[in-house]
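# Summary of structural features
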There are 2 protein chains.
Amino acid sequence: METLTQEPQTNTSLSPTELQLIHAYWRAANYLSVGQMYLLDNPLLREPLTLAHIKRMLLGHWGTTPGQNFIYAHLNRVIKTNDLNMVYMSGPGHGGPAVVANTYLEGSYSEVYPRISLDEAGLKKLFKQFSFPGGISSHVSPQTPGSIHEGGELGYSLSHAFGAVFDNPDLIVACVIGDGEAETGPLATAWHSNKFLNPVSDGVVLPILHLNGYKISNPAVLARISHEELDQLLRGYGWTPYFVEGHDPEQMHQAMATTLDTAIGQIKQIQQEAREAGNTTRPRWPVIVLKSPKGWTGPDVIDGLPNEGTFRAHQVPLSVSATTPPEHLAQLESWLRSYKPDELFDEQGRLLPELAELAPQGDRRMGANPHANGGLLLKDLHMPDFQEYAVAVPLPGVTLASDTQTVGRFLRDVIKLNQKPHNFRIFGPDETLSNKLEAVFEVTNRQWDTETAENDQFLAPTGSVMEMLSEHQCEGWLEGYLLTGRHGLFNSYEAFIHIVDSMFNQHAKWLKTTREIPWRRPIASLNYLLTSTVWRQDHNGFTHQDPGFIDHVINKKAEIVRVYLPPDANCLLSVMDHCLRSRHYVNVIVAGKHPAPQWLSMDAATKHCTEGIGIWPWASNDQAMEPDAVMTCCGDVPTLETLAAVSILRAHLPDLKIRVVNIVDLLKLERHTEHSHGLTDADYDAIFTRNKPVIFAFHGYPWLVHRLTYNRANNSNMHVRGYKEEGTITTAFDMTVLNELDRFHLVMDVLDRLPQLGNTGSYLKQLMKDKLIEHKQYIFSNGEDMPEIKNWAWESHSVEDSL
Amino acid sequence: METLTQEPQTNTSLSPTELQLIHAYWRAANYLSVGQMYLLDNPLLREPLTLAHIKRMLLGHWGTTPGQNFIYAHLNRVIKTNDLNMVYMSGPGHGGPAVVANTYLEGSYSEVYPRISLDEAGLKKLFKQFSFPGGISSHVSPQTPGSIHEGGELGYSLSHAFGAVFDNPDLIVACVIGDGEAETGPLATAWHSNKFLNPVSDGVVLPILHLNGYKISNPAVLARISHEELDQLLRGYGWTPYFVEGHDPEQMHQAMATTLDTAIGQIKQIQQEAREAGNTTRPRWPVIVLKSPKGWTGPDVIDGLPNEGTFRAHQVPLSVSATTPPEHLAQLESWLRSYKPDELFDEQGRLLPELAELAPQGDRRMGANPHANGGLLLKDLHMPDFQEYAVAVPLPGVTLASDTQTVGRFLRDVIKLNQKPHNFRIFGPDETLSNKLEAVFEVTNRQWDTETAENDQFLAPTGSVMEMLSEHQCEGWLEGYLLTGRHGLFNSYEAFIHIVDSMFNQHAKWLKTTREIPWRRPIASLNYLLTSTVWRQDHNGFTHQDPGFIDHVINKKAEIVRVYLPPDANCLLSVMDHCLRSRHYVNVIVAGKHPAPQWLSMDAATKHCTEGIGIWPWASNDQAMEPDAVMTCCGDVPTLETLAAVSILRAHLPDLKIRVVNIVDLLKLERHTEHSHGLTDADYDAIFTRNKPVIFAFHGYPWLVHRLTYNRANNSNMHVRGYKEEGTITTAFDMTVLNELDRFHLVMDVLDRLPQLGNTGSYLKQLMKDKLIEHKQYIFSNGEDMPEIKNWAWESHSVEDSL
């Protein structure tokens, strides 16, 4: 058994000169951090500080910043001594000043923002822009070079870090985790990512748990459990913890240097054993626990209250303005001068050469590592021809096939063709089989790097499928994978993708912002395949029914989001091919997994998906004239019910002119001025008419369609059926009945809007009501839909049949 | 230091007779579980099994079920021997058959569903209804007596359990956690709830981590780490683990009985030490790890493949139908008969008396515990008179006040008045101070039961404020608290409440379903106070901007959801009072925290909030005639900008007739046929006119208004401004400019719709454009809005002033 606690080694890693230099570098970063929070001018304190030099609105988070500056400086050292390929992940991302300061010091900042030059003028701009209108955010934002993780919402740093190192065997991500973030659920389970990491084919994450004691105004849980408990916890998570604790800079520099040397040594040793000696035992990777005061080196006491080391150091510790006590200004000046800027910067305001030398060079600088600008490294996927996976559709509605099972074969070959670069992975919470993508396991496995047992299936130390029962992990891993220049797909039950609503938000905001940053290169799209949908939850019922993720998604910027609802397998193939080739979008694909009727040949499907919306002439009988009604469908089940309704209508009312419209690309419904996929009013009216009833069977919540079409000419004739939170464990068809989306209700909807049909209409309406009663009798008696529902298929001749 | 591993004690707790009886009870529960999955008839196997007795569609999750039956039987034993007040929480809630079987065996099921009688006829109905149209779900659903936790989405059992025991010192929640669920983020952090539990004033959670090795088709992480690691992990989380591992029933019964006796003994000892001896050291409560085969006692091998103990046992292990191998039927029969139903049930189909006696009596039965039907225990809050907290508003727009700070004083007194029953708590992720509810700390503290340090603030072993940096925990704790009959409030930053989108979904579904269950009593509403809103993120920027939670919420059933956007402090007081008194809703309140102009006196605010929407006559000049335009506002910042715009319009165009409408209750906009709060078309048209331009300044995403109003007469004249994902770190006013919701844009919107204004209109429009340019110059030069913006307040005389 290992010893319980691992004391920091006591030998001295740094020579006196090294110590002095690294301390000076840290002071420089701290100075630049405080400067960013406070100074509008006089950046090097060449004159006495006055209120005119101070920003009017003081913003920023000081608490975490000096600790991160400390870490960054020490990481620079080990990068240089070991020639490491390292990315810095700032979990406590509120510490924006730290990463900005450090990338400025190492030069990478000015390379992408030349106006923030390496001199006094540049310093002044660097300070002013921070948390200033038109400037940069107080977080580590996408504008910060070297960052792939924005510190807005907390919880995802560790899963982003793991996503970054999968298939990047040369990479180390140093992931700083704040003790606040460590309380979140996603972070708490992300520690287990080490069971999914392969020491041969993946890189390494070096977590640095930064305990500064407080979150906003409360203490942090992990800072207030015993050393023994924390040690047990991290060991229980499968790591080897190393503790660096204290506040005296000299001792802390030595301890941190020694600990980092140990950790890097251990990482190299594990990798060597795995890669050269073939030792496949799951390693206990090192984790560093850095316990340092919140607001370290900041004011001890402000207005008689302790500051450094307390929750009061969280944001801007010292308020300085015309209305605050005058001694605050002096206290700020003495705080700034405590870093001795004159000993750090030369006359021109450039960092002294002996300090600048401490930073790594070129791409080894963490602000310039290409992995943190993944678009630079992104390579196109080798794509099989999706048309070769087509389901044969001799006649619409005759063939039954599973849409996702079909696309699974296509995905299998995407994996196969990209096994060499190994830059495509599928993520999901143990639903890849349930979602019928089983074909992928013909060529790959689920990556699993812990114990296996007899009867396990499709597990291997490396594989292209990542499954952990945490949507947060799947999303976080995938985001990290994409942000470092690779490709991927998240497959999930439709209802539970809401678990990552907020993560999606942050990623969509990242994409929106990075579109506007010239030096950021586009990355691969974030692709969701949502299945096990609301309509087919006969196994799971009401709790598993929620089609609202797409409502959530389209609140984000139009240039980022895309939503597809392919009605059949061939359309899904075409859509998937398109999404995997696309860049810098979030693509949401909603598709069925159960065997279902197929409508379009591959050629027709390709054309239909390219257009995104279209009249299905083979299902319509309004050729060359205005229809009496437009039956519109979007989604697989609504398409089936619509075609069934049309079949009934045409059998009984052959003279009625029905136009059938199917929508694959939901955002076609928006105005072209709102979304680049949107139809012009003229094109929209040509499809939906300006005054005929439109009966719209929609996969999701019906009001989403109204939100998209409220400003179209024919809005007042639009009648939308969709899911309205009814139904639970019942048959697939009954779900449509309970939500009034079934064929019988759709027929009645048409009849209700065409009073001119008179008695014929009334007769057919009564027939529909009788059918609904008959259906209920069937399911309540033996748990099945009536045979004519079950066996129903749209066939070209069915229009001739009577019901 | 404690020993690292705690072996199950080896002494024998059960006498041979007790062993035989508890084993028989378990067999009975297993028999009923298999029966529910398979049998349509012949429930006691009184005749040879034929296909006619088998359901046509076989649904359910067997894997977890026998383990849960085992746990339930053993909990019954310790409840009886110790007279415990215990609730059962089924984390692996897919094991619906287990809880249904056990509540049936103990009699509580038939008490609420008399038609499911305790005889053969009842058994037949019990079996048929499971996962059958019109019957019950395959999960532990709200229909199941004794449950306050639905096993739809995984992750929340442990936080629900803790929520249930806060302020319930007599209660123990036995919380079964599946090894699948244990991988989720929320569950991974919920283990830390023990740092927030007070052994004197709160009850206890006894977690039972059920490792059966697999989630759906993958192994589970916690089942595949070493015993040592798992032990360390649980100790690191602050618990004392006890392991029960094996598959031999006899040994397992003895081990489980012994371990439960030990755990209950330890719980009592801790409570006694805390309550009688005043020992306040944070205890290491016991946790039980039960490692048993998945699908325990099910078929060993099916079609040549191992089943028991493998992932294949997850759902229905053995398919039996006309198309499956005929030997499956025989295998099912022999499986069912392996439980020896003849030795368990009498001639009439009743459980034998010596077995029935093993269950507790009356309310001690876990299916009848009133804490699991919280509405039974719910008491009205003692409410202070909210009007006494009013902000004085002598004239609209003159007084500045913080809305949430004002309501904080009201909440303080709600806490104070209910300190005796202690049935009201506030939950939040360390934002209660940031959200300006600091007044509550005059009378209470943040409950914190681990180490404290000098300079901590507002921490105490008991308190009414619960803060952990995990929205999942806050939501889960609050849900558990409400479901057991108490009251509460969640305060959060608006943007990050999306973290619990999916939890909200499940709770809203629970409320919808329980409304329809007669024996379930209504519970207190789930109240959200969302602040630090999208418009005031000068400190945090783009990542903290998302007003879309309300979009998400109103997709749920109209009878459950309510959304309020009070424009000022007095309105917030009225709304909060209303929400805290309400039952069985989800109330979302969006309010500002920054000092802002106040509009309505308390009387006017009460009237306005009661109506939910109204014309503000003091701000309008369309008395007794049709207005030229309707300026509508919803939310505090939009209200300010609208009134500022009106002020400009009236100064320049005094003859223009402007009507000002303010909305507090967002769902007033829906048709009354869709939502009980909705306006009739007549009332709506009386406010919004049928044909005048409506300029609508909305707090959230603008299309939400369109989704609510698309079918109103005046829809085509509705022009909505709202947040459209623009802006980041900048001034509050600039945020409105970037999203075009500011006063200048609103004025231009009116002008654009009134071409009859001619040159006067053009002149004013140019003036507005100039003002926008001037504003930009101000913020870019010194980081402030121009003084006239900053100091602007709506005053009754301002309409006379020129701009």
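Before reading on, note that the structure itself is shown above.
What counts and how
Residues numbered from 1 in each chain as written. Chains lettered and ligands numbered in written order. Predicted model: local features only at pLDDT ≥ 70, side-chain atom pairs only at ≥ 80, totals over all residues. Heavy atoms only, no water. Buried < 20%, exposed > 50% of the residue type's maximum accessible area, 1.4 Å probe, protein only. Helix = DSSP H or I, 4+ residues; strand = E, 2+ residues; numbered from the N terminus. Polar contact = N/O pair within 3.5 Å; in protein donor to acceptor, adjacent residues only side chain to side chain. Contact = heavy atoms within 4.5 Å. Buried area = accessible area lost by both parts, 1.4 Å probe. Salt bridge = Lys/Arg side-chain N within 4 Å of Asp/Glu carboxyl O. Nonpolar A, V, L, I, M, F, W, Y, C, P; charged D, E, K, R; others polar. 1 Å grid on protein atoms, 1.4 Å probe; cavity = no way out; pocket = protein on both sides within 12 Å on 5 of 7 lines; lining within 4 Å. Points joined across faces, edges and corners; volume = space filled by probe spheres on them. Pairing = 2+ DSSP bridges. Axes fitted to C-alpha atoms, helices over the stretch in contact; angles between N-to-C directions. Left-handed = near helix turned anticlockwise from the far one by under 90°. Least-squares fit on C-alpha atoms with pLDDT ≥ 70 in both. Arc of directions from axis to C-beta. Phe/Tyr/Trp six-rings, centres within 6.5 Å; stacked < 30°, edge-to-face > 60°. Lys NZ or Arg CZ within 6 Å of the ring centre and 35° of its normal. Core = buried A, V, L, I, M, F, W, Y, C linked by side-chain atoms within 4.5 Å.

## Quick notes on helix H22 (residues 743–752) of chain A
All names here are of chain A. Buried residues dominate H22, accounting for nine of its ten residues. Buried residues of H22: Arg743, Phe744, His745, Leu746, Val747, Met748, Asp749, Val750 and Leu751, and no others. For H22, the N-terminal cap is Asp742; the gap from its side-chain oxygen to the backbone nitrogen of Phe744 is 2.9 Å.

## Quick notes on the interface of chain A and chain B
When the parts come together, some accessible area is lost, and that loss is often what is quoted as the size of the interface. Each side of the interface is counted separately: chain A has 123 residues, and chain B has 123 residues. Taking both partners together, chain A and chain B bury about 10400 Å²; carbon and sulfur atoms supply 54% of that area. On the chain A side of the contact with chain B, Arg224, Leu469 and His539 of chain A bury the most area, a combined 7% of that side's loss. Here Glu726 of chain B and Lys512 of chain A are joined by a salt bridge, their closest N and O atoms 3.3 Å apart. Of all elements in the fold, only helix H7 (185–190), helix H8 (227–236), helix H14 (501–515), helix H15 (549–553), helix H20 (703–709) and helix H23 (758–782) of chain A reach the threshold of two or more residues within the side of chain A that touches chain B. Top contributing element to the side of chain A that touches chain B by residue count: H14 of chain A, with seven residues. Considering only residue class, the side of chain A that touches chain B consists of 40 nonpolar, 48 polar and 35 charged.

## Here's the deal with empty space enclosed by the protein
All chains considered together, the criterion is met by 17 cavities of 30 Å³ or more. Considered as a void within the structure, the largest cavity measures approximately 450 Å³ in volume. Lining the largest cavity are 31 residues, and of these Leu469 of chain A together with His94, Leu154, Ile216 and His314 of chain B sit closest to its centre.

## Overview of the sheet that holds strand E22 (residues 718–721) of chain B
All names here are of chain B. Reading across the sheet, the five strands line up as E18-E20-E19-E21-E22 and stay open at both edges, with mixed pairing between neighbours. Pairing within the sheet leaves two strands with one partner each, and these edge strands are strand E18 (613–615) and E22. On average, each strand axis in the sheet is inclined to that of its neighbour by 20°, with strand direction left out of account. Bridge analysis of strand E21 (residues 694–698) against E22 gives four bridges, and the strand direction is parallel.

## Quick look at the packing of helix H12 (residues 403–417) of chain A against helix H16 (residues 569–581) of chain A
All names here are of chain A. Where H12 meets H16, the axes come as close as 8 Å, and the angle between the chain directions of the two elements is 35°. In terms of crossing hand, the pair formed by H12 and H16 is right-handed. Contacts between H12 and H16 involve Asp403, Thr404, Thr406, Val407, Phe410, Leu411 and Val414 from the first element and Ala569, Leu572, Leu573, Met576, Asp577 and Leu580 from the second. Of the residues assigned to the contact of H12 with H16, the class counts are nine nonpolar, two polar and two charged.

## Notes on the relation of the copies chain A and chain B
Between the two copies, chain A and chain B, the superposition gives an RMSD of 0.0 Å; the rotation angle is 180° and the shift along the axis is 0.0 Å. One copy is carried onto the other by what is essentially a two-fold rotation axis. When the interface residues of chain A are mapped onto chain B, 100% of them again fall at the interface, so both copies present the same face.

## A few points about unusual backbone geometry
In this model, Asp167 of chain A sits at a positive phi of 65°, which is unusual for a non-glycine residue. The residue Asp167 of chain A is located in the loop between helix H6 (157–165) and strand E2 (171–178) in this model. Residues other than glycine seldom take positive phi values, yet His422 of chain B does so here, at roughly 45°. Structurally, His422 of chain B can be placed in the loop between helix H12 (403–417) and strand E9 (424–428).

## Digging into helix H17 (residues 602–611) of chain B
All names here are of chain B. Met602, Ala605, Thr606, His608 and Cys609 are the residues of H17 that are buried. End-on view of H17: buried residues confined to an arc of 165°, all on one side of the axis. When the buried face of H17 is taken as reference, the exposed residues oriented beyond 90 degrees from it are Asp603, Lys607 and Thr610. On its buried face, H17 sits against helix H16 (569–581), E18 and strand E20 (658–663). Two residues or fewer past H17, Gly612 is found with a positive phi of approximately 85°.

## Details of the packing of aromatic side chains
Evaluation of the coordinates by the stated rule reveals 66 aromatic pairs over all chains. Ring plane angle 85° and centroid distance 6.3 Å describe the contact between Tyr113 of chain A and Trp519 of chain A, whose orientation is recorded as edge-to-face. Of this pair, Tyr113 of chain A sits in the loop between helix H4 (108–112) and helix H5 (120–129) while Trp519 of chain A is found in the loop between H14 and strand E14 (526–531), placing the two residues 406 residues apart along the sequence. Comparing Tyr113 of chain A with Trp519 of chain A shows no difference in burial state: the two are buried. Ring plane angle 5° and centroid distance 4.6 Å describe the contact between Phe441 of chain B and Phe458 of chain B, whose orientation is recorded as stacked. Taken together, the positions of Phe441 of chain B in the loop between E9 and strand E10 (446–447) and Phe458 of chain B in the loop between E10 and strand E11 (459–460) put the pair 17 residues apart, joining distant regions of the chain. Relative accessible area serves as the criterion here: at 8%, Phe441 of chain B is assigned to the buried category. On the basis of relative accessible area, Phe458 of chain B is assigned to the partly exposed category, the value being 28%. The positively charged end of Lys512 of chain B is found above the aromatic ring belonging to Phe542 of chain A, 4.9 Å away from the centroid.

## With respect to the side chain of Asp231 of chain B
On the secondary structure map, Asp231 of chain B appears in helix H8 (residues 227–236). A distance of 2.7 Å separates polar atoms of two side chains, one belonging to Asp231 of chain B and the other to Arg235 of chain B.

## Considerations on the sheet that holds strand E18 (residues 613–615) of chain A
All names here are of chain A. Taken together, five strands build an open sheet; the order of strands is E18-E20-E19-E21-E22 and the sheet is mixed. Looking at which strands have only one partner, the edges of the open sheet turn out to be E18 and strand E22 (718–721). This sheet shows a mean twist of 20° between the axes of neighbouring strands, independent of strand direction. Taken strand by strand, helix H18 (residues 636–652) contacts strand E19 (629–634), strand E20 (658–663) and strand E21 (694–698), and its axis lies near 155° from that of E19.

## Some details on the side chain of Thr259 of chain B
All names here are of chain B. Secondary-structure assignment places Thr259 in helix H9 (residues 249–275). Classification of Thr259 as buried rests on a relative accessible area of 3%. Here the side chain of Thr259 touches Ala255 through a polar contact of 2.6 Å, landing on its backbone oxygen.

## Remarks on the nonpolar core
Counting 260 residues, the largest nonpolar core has Tyr528 of chain A together with Tyr528 of chain B as its most contacted members. Ignoring any residue separated from it by four or fewer positions in sequence, one finds Tyr528 of chain A in contact with Glu475, Leu489, Phe490, Ile497, Val500, Phe504, Phe549, Val586, Asn587, Val588 and Ile589 of chain A.

## Some points on the environment of Pro92 of chain B
All names here are of chain B. One can find Pro92 in the loop between strand E1 (85–90) and helix H3 (96–106). Remark: the alpha-carbon pair of Pro92 and Glu181, spanning 89 residues in sequence, is separated by 7.0 Å. Once you skip the residues sitting within four places of it in the chain, Pro92 turns out to touch Thr64, Gln68, Val176, Ile177, Gly178 and Glu181.

## As for the pattern of salt bridges
The tally for this structure, following the rule as stated, stands at 78 salt bridges over all chains. The shortest N-O distance in the salt bridge between Arg284 of chain A and Glu229 of chain B comes to 3.3 Å. Of this pair, Arg284 of chain A sits in the loop between helix H9 (249–275) and strand E5 (286–291) while Glu229 of chain B sits in helix H8, placing the two residues on different chains. Taken as a pair, Arg284 of chain A and Glu229 of chain B share a single burial class, namely buried. Between Asp167 of chain B and Arg425 of chain B there is a salt bridge, with the nearest N and O atoms lying 2.7 Å from each other. With Asp167 of chain B in the loop between helix H6 (157–165) and strand E2 (171–178) and Arg425 of chain B in strand E9, the pair connects residues that are 258 residues apart, well separated along the chain. With respect to burial, Asp167 of chain B and Arg425 of chain B carry one shared label: buried. Where salt bridges share partners, they join Lys509 and Lys556 of chain A together with Asp546 and Glu725 of chain B into one cluster.

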